[in-house]
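Analysis of the macromolecular model
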Amino acid sequence: MELILFLISFLLFLLLGIPIALTLGAASLIYILVQKEISLTLLTQTTFAGIASFPLLAIPLFILSGHLMHAGGLTEDLVRFSKVILGHIRGGLGLATILASAVFAAISGSAVATAVAIGTVMIPAMKKQGYDEELSAGVTATASCMGPLIPPSIPFIIYGIITNVSIASLFVAGVLPGLLLGASLMLYMILVARTRGYPRHERATIKEIINVTSQSLPSLAMPVVIVGGIIAGIFTPTEAAGVAVTLALITGFLIHRRLRLKQLPSIILKSGVESSVVLILLGLSEPFAWIVAVEQLPSKITELIVPYSSNPYVFLVLVNIVLLLIGVPIETAPALVIMAPMLAPIAEKMGIDPLHFGVVVCFNLVLGLITPPVGAVLFSICGISGLSLERLTRGISIPFLIAVGVLLTVTFLPPLSTALPNLIFKR
């Protein structure tokens, strides 16, 4: 009876449009009040326990580093480097957008940050060169999904904390899927560019390549230091976030000299607001997860599924369908805190590698960021490009299908997620 009331109240609050964090807390409160044997102090204890975690420090630090890098001129360096390397190919600006997104993704860990940083520079540039507006915006939006796949990744941090899976291993597991998404989008851009006759630029001379690369070296070195340090065991993902902030400050103030002291208060405030949204959500998700575990909801769901099929791949297909649908109305972080506690134990019972399952879940929910009507990346790109949501939806349709194709490839080929972690961490 308590479980039914808990689930009904949760769905009702969700349908009423109450913020997800409050929905999780309110549904948990109702359960505790009905279940008279449980003290109300459980709600506060579990909520504070949910945010009293050292790995969670990585979230505000990576968010801060992303804002510092953008303000410090990192984006311009990456774009200039990408143009020099790929500009001579037909459709080179589109390819440069994807490459710059991949590199920025290896620093920020956020799809929205990647979309804003790269889109602000590249969408107007592509428009000026005669690229179709809808295509330019659609490719930029989809390429930003590499942000949460290529390490570091804020969704992987959240998933790792919720499911007790190694965050460092999740970071490494996302590398190949992220690169596969980037390569697939590049192939699409090359084919479209040839069909539509998009311009190409003169091949850069060796001298130009050396000059631009040397100027961009601090920016290009940052992903290597951050990701390489984690893989080499020099520092943890949380410490890597601190290193990222330090490098961003050094690069912005001392190397590029584009970052100003007067910018810091607004950058810190913006980062703090974004971080607080995630942390409040994670805190109030903890009592929700506790109730899910106590009521053995994953086992009950498993009992419903197994009679129809115990095949792990059938389960993964069902998970893909459910999460793609959930990603439409709900953002990535809320969807993770709701679904991960229920689905991860089922996947474990079916013998699915936890790293593989983590990548599949996060990849699914990240695609929700570019799915109408509430995708955060979509709204960001609409603001940058000036396109209506309807026009951007048309432009993103094919890139989105390409991303879904990559997701299915990752789903049915587990080594894409597990090979690198197994090699590096000797799992």
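This text gives an overview of the structure that appears in the document. Here, residues in each chain are numbered from 1, in the same order as that chain's written sequence. Where totals are concerned, whole chains, interfaces and linings use all residues; where local detail is concerned, this predicted model gives features only for residues with pLDDT of at least 70, and gives and counts side-chain atom pairs only at 80 or more. Heavy atoms throughout the structure, all of them, feed into the side-chain values; hydrogens and water do not.

Okay, helix H21 (residues 415–425) next. Taken residue by residue, H21 has Ser 417, Thr 418 and Pro 421 as its buried positions. Burial along H21 is one-sided: seen end-on, the buried residues are contained in an arc of 70°. We call two residues in contact when some of their heavy atoms are within 4.5 Å. The helix and strand labels rest on DSSP assignments: H or I over at least four residues marks a helix, E over at least two residues marks a strand, and numbering proceeds from the N terminus. Of the surrounding elements, those touching the buried residues of H21 are helix H10 (167–173), helix H11 (175–196), helix H18 (354–367) and helix H20 (389–412). Count one or two residues on from H21 and you reach Lys 426, which has phi positive near 55°. Using a 1.4 Å probe on the protein chains alone, a residue whose accessible area is under 20% of its type maximum counts as buried, one over 50% counts as exposed, and one in between counts as partly exposed. What the arc covers is the set of directions going from the helix axis to the C-beta atoms.

Here we come to the nonpolar core. Soluble globular proteins: nonpolar side chains tend toward being buried together. Residues grouped as a nonpolar core are buried Ala, Val, Leu, Ile, Met, Phe, Trp, Tyr and Cys residues, joined through side-chain atoms within 4.5 Å. In terms of nonpolar packing, the biggest core is built from 138 residues, with Ile 59, Ile 158, Tyr 159, Leu 181, Ile 338 and Phe 357 touching the most fellow members. For this core, the element with the most residues is helix H17 (residues 332–349), which contributes 12 residues. Sequence-distant contacts of Phe 357, that is, excluding residues within four places in its chain, are made with Tyr 159, Phe 315, Leu 316, Val 319, Leu 343, Ala 344, Ala 347 and Ile 352.

This paragraph deals with the layout of surface pockets. To find leftover empty space, a probe the size of one water molecule is rolled over the atoms. Throughout, the protein atoms alone are placed on a 1 Å grid, and a set of points is a cavity if a 1.4 Å probe fits but cannot get out or a pocket if it is open with protein on both sides within 12 Å along at least five of seven lines; lining residues have an atom within 4 Å of a point. Grid points are joined across faces, edges and corners, and a volume is the space filled by probe spheres set on the points. Its boundaries defined by the atoms lining it, the largest pocket holds a volume of some 1,000 Å³. Along its surface, the largest pocket is lined by 42 residues, and Ser 110, Val 112, Glu 274, Val 278 and Ala 376 are the ones closest to its centre. Listing elements by their share of the lining of the largest pocket, those giving two or more residues are helix H2 (20–34), helix H4 (58–71), helix H6 (92–108), helix H7 (111–128), helix H9 (154–163), helix H14 (264–294), H17 and helix H19 (376–385). Examining the composition of the lining of the largest pocket, we find that 8 residues originate from one element, H14, more than from any other. Three categories are distinguished: nonpolar for Ala, Val, Leu, Ile, Met, Phe, Trp, Tyr, Cys and Pro, charged for Asp, Glu, Lys and Arg, and polar for the others, with Gly belonging to the last. Looking at side-chain class alone, the lining of the largest pocket contains 30 nonpolar, 9 polar and 3 charged residues.

Turning our eyes to something else, we now look at the pattern of salt bridges. In what follows, salt bridge is the name for a side-chain nitrogen of Lys or Arg lying within 4 Å of a carboxyl oxygen of Asp or Glu. The full count for this structure, using the stated rule, is 4 salt bridges. A salt bridge links Glu 133 to Lys 127; the nearest nitrogen and oxygen atoms lie 3.0 Å apart. Here Lys 127 falls in the partly exposed class, since its relative accessible area comes to 49%. In this structure, Arg 391 and Glu 134 form a salt bridge, with 3.1 Å as the shortest nitrogen-oxygen distance. With a gap of 257 residues between them, Arg 391 in helix H20 and Glu 134 in helix H8 (residues 133–143) connect regions that are remote in the sequence. Look at Arg 391 and you get partly exposed, because its relative accessible area is 31%.

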